[in-house]
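# Chain and residue survey
These are the residues of each chain, in order.
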Amino acid sequence: MGEYPSNMSTPYGFATRAIHAGQDPDPTTGAVNVPIYATSTYAQDGVGGLREGFEYSRTGNPTRRALETCLASLERGRYGRAFSSGMGATDAALRTFLKPGDHVVIPNDAYGGTFRLIDKVFSQWGVTHSPAPVTDVDAIRAAVRPETKLIWIETPTNPLLNIGDIAAIASVAHESGAKLVVDNTFASPALQTPLELGADVVLHSTTKYVGGHSDVVGGALITSDEEVDAAFGFLQNGAGAVPGPFDAYLTLRGIKTLELRMEKHSDNAELVAEALTRHPRVKKVIYPGLESHPGHAVAAKQMRRFGGMVSFVVDGGEEAALEVCARTKLFTLAESLGGVESLIEHPGRMTHASTAGSMLEVPADLIRVSVGIESGDDLVADLLAALG
Ligand SMILES: *Cc1c(COP(=O)(O)O)cnc(C)c1O
């Protein structure tokens, strides 16, 4: 189930695939949208006589399958698997590639939940890990050991927006017989397609840009390797971290506008980054689209645009940063990212509080914004007013 080789060679553009891949009109009713198949089980035509291969909704569901087909197509992969959260997908990927005694190289600024799962859970089962900066291919190569089975990266990273060279890191992984998983949550497939750059697996928290409306939690794994996909499918069914059909429907509905949204997120983030750069109270602006960003050239090579996340450092330390976060009116003070509405947060006290004292600790005067798709001028004015 779930193989759509035509995804690899379809001539259709991204926005066409977002709206149509896996989403043909319903053959019985003509419904233009994929129905929400709210069913746990399926009638069989005689014992083992499955219609369309569906037998139980942990194993497979038509709404979920439409989402999986669409995600595979968007990432230019052959197979997609949807999970109940990004962490559910992360857990399935780690369990597929790592056994007791194996080793994984992770970014030294990995998503906190990914680091926590590896450091607190997988370590108990004899899996070891080494952090390396995602920006430094030589450091990643030096971290690889004979027992390294997996290199795990994110790019851009959270919240410092570091950029890793996906093609170069894929070569390092493959030289040593390891696999490369790319967490593509921050870029989304509209801006970056890691499988085309040599990655073995793409992971998403579809909670963020893919769903895009802050109304559903989900995750996904996409690959073109049949055996790897079969292992993901085994864990999807065997461990059971699957999304319900309504979650799958909401995510599919979000995907239809993914390209449009990412264009507007990128437009607005560029405006915000430029305005912040000119503000006297802002000491540093971190946005891969700025030429001052150390990863700009690599980002320009592998991303179509630079996305909606901007981080910046204000004068006056932690207290000043907290004040700015409290003063915006349009930017809502909240964790998460990637929705249509703009959000602001203080990583040191919020999303990254658990990293205090560790190598993942973030600067206390750092602010992160998820720039939404409201009117760009309003967003700039809101931030400038909050800065005073
Ligand atoms: C949010 C996030 C995750 C985890 O996804 P959930 O859907 O929250 O479980 C993983 N990676 C990145 C980069 C994220 O931003």
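Residues numbered from 1 in each chain as written. Predicted model: local features only at pLDDT ≥ 70, side-chain atom pairs only at ≥ 80, totals over all residues. Heavy atoms only, no water.

Identification of the protein chain as Cystathionine gamma-synthase from Lentzea fradiae is taken from an unreviewed UniProt entry. Comment text from UniProt for the protein chain, heading Cofactor (unreviewed entry), reads "pyridoxal 5'-phosphate". (UniProt positions renumbered as here; feature names shortened; annotations may be inferred.)

### Some remarks on helix α7 (residues 166-175)
When α7 is considered as a whole, its buried residues turn out to be Ile166, Ile169, Ala170, Val172 and Ala173. The arc that holds the buried residues of α7, viewed along the axis, is 160°, so those residues lie on one side. Of the surrounding elements, those touching the buried residues of α7 are α6 (137-143), β4 (148-154), β5 (179-183) and α11 (296-302). Trailing α7 by a residue or two, glycine 177 shows a phi angle of about 75°, which is positive. (Buried < 20%, exposed > 50% of the residue type's maximum accessible area, 1.4 Å probe, protein only. Helix = DSSP H or I, 4+ residues; strand = E, 2+ residues; numbered from the N terminus. Arc of directions from axis to C-beta. Contact = heavy atoms within 4.5 Å.)

### A few points about the site of the ligand
All residues adjacent to the ligand are Ser85, Gly86, Met87, Tyr111, Asp183, Thr185, Phe186, Ser205, Thr207, Lys208 and Gly218. Take glycine 86: an N or O atom from its main chain is 2.9 Å from an oxygen atom of the ligand. Aspartate 183 is positioned such that a nitrogen or oxygen atom in its side chain is 2.7 Å from a nitrogen atom of the ligand. For the ligand, whose unbound accessible area comes to 380 Å², protein coverage reaches 91%. (Near = heavy atom within 4 Å. Polar contact = N/O pair within 3.5 Å; in protein donor to acceptor, adjacent residues only side chain to side chain. Areas by Shrake-Rupley, 256 points an atom, 1.4 Å probe, with all protein chains shown as cover.)

### Some points on the sheet that holds strand β6 (residues 201-205)
Reading across from one edge, β1-β7-β6-β5-β4-β2-β3 is the order of the seven strands in this open sheet, with mixed pairing throughout. Where the open sheet ends on each side, the last strands, each with one partner, are β1 (79-83) and β3 (128-132). Across the sheet, the axes of successive neighbouring strands diverge by a mean angle of 20°, strand direction being ignored. Strand direction decides the pairing type here: strand β2 (residues 103-107) and β3, joined by five bridges, are parallel. Bridge pairing in β3 links histidine 103 to threonine 128. (Pairing = 2+ DSSP bridges. Axes fitted to C-alpha atoms, helices over the stretch in contact; angles between N-to-C directions.)

### Here's the deal with the packing of helix α3 (residues 62-74) against helix α9 (residues 245-255)
Two elements in contact, α3 and α9, have axes whose closest approach is 8 Å; the angle formed by their N-to-C orientations is 35°. Considering only the axes of α3 and α9, their crossing is left-handed. Residue-level inspection shows Thr63, Arg64, Ala66, Leu67, Cys70, Leu71 and Leu74 of α3 in contact with α9, the latter providing Pro245, Ala248, Tyr249, Thr251, Leu252 and Ile255. Its residues assigned to classes, the contact of α3 with α9 shows ten nonpolar, two polar and one charged. (Left-handed = near helix turned anticlockwise from the far one by under 90°. Nonpolar A, V, L, I, M, F, W, Y, C, P; charged D, E, K, R; others polar.)

### A word on the pattern of salt bridges
By the definition in use, this model includes 18 salt bridges. Among the ionic pairs, aspartate 119 bridges to lysine 120, the shortest N-O distance being 3.5 Å. Take aspartate 119: its relative accessible area is 25%, and that puts it in the partly exposed class. Across the pair glutamate 270 and arginine 305 runs a salt bridge whose closest N-O atoms are separated by 3.1 Å. Residue glutamate 270 is located in helix α10 (residues 258-277), and its partner arginine 305 is located in the loop between α11 and β9 (309-314); the two are separated by 35 residues in the primary sequence. Residue glutamate 270 is classed as partly exposed on the basis of its relative accessible area, which comes to 27%. (Salt bridge = Lys/Arg side-chain N within 4 Å of Asp/Glu carboxyl O.)

### Section: unusual backbone geometry
For the bond from threonine 155 to proline 156, the omega torsion is -5°, close enough to zero to count as cis. Here proline 156 lies in the loop between β4 and α7. Omega for the peptide link from asparagine 158 to proline 159 comes to 0°, which places this bond in the cis form. Counting through the fold element by element, proline 159 comes out in the loop between β4 and α7. Backbone geometry at leucine 161 places phi at a positive 55°, although glycine is not the residue there. Structurally, leucine 161 can be placed in the loop between β4 and α7.

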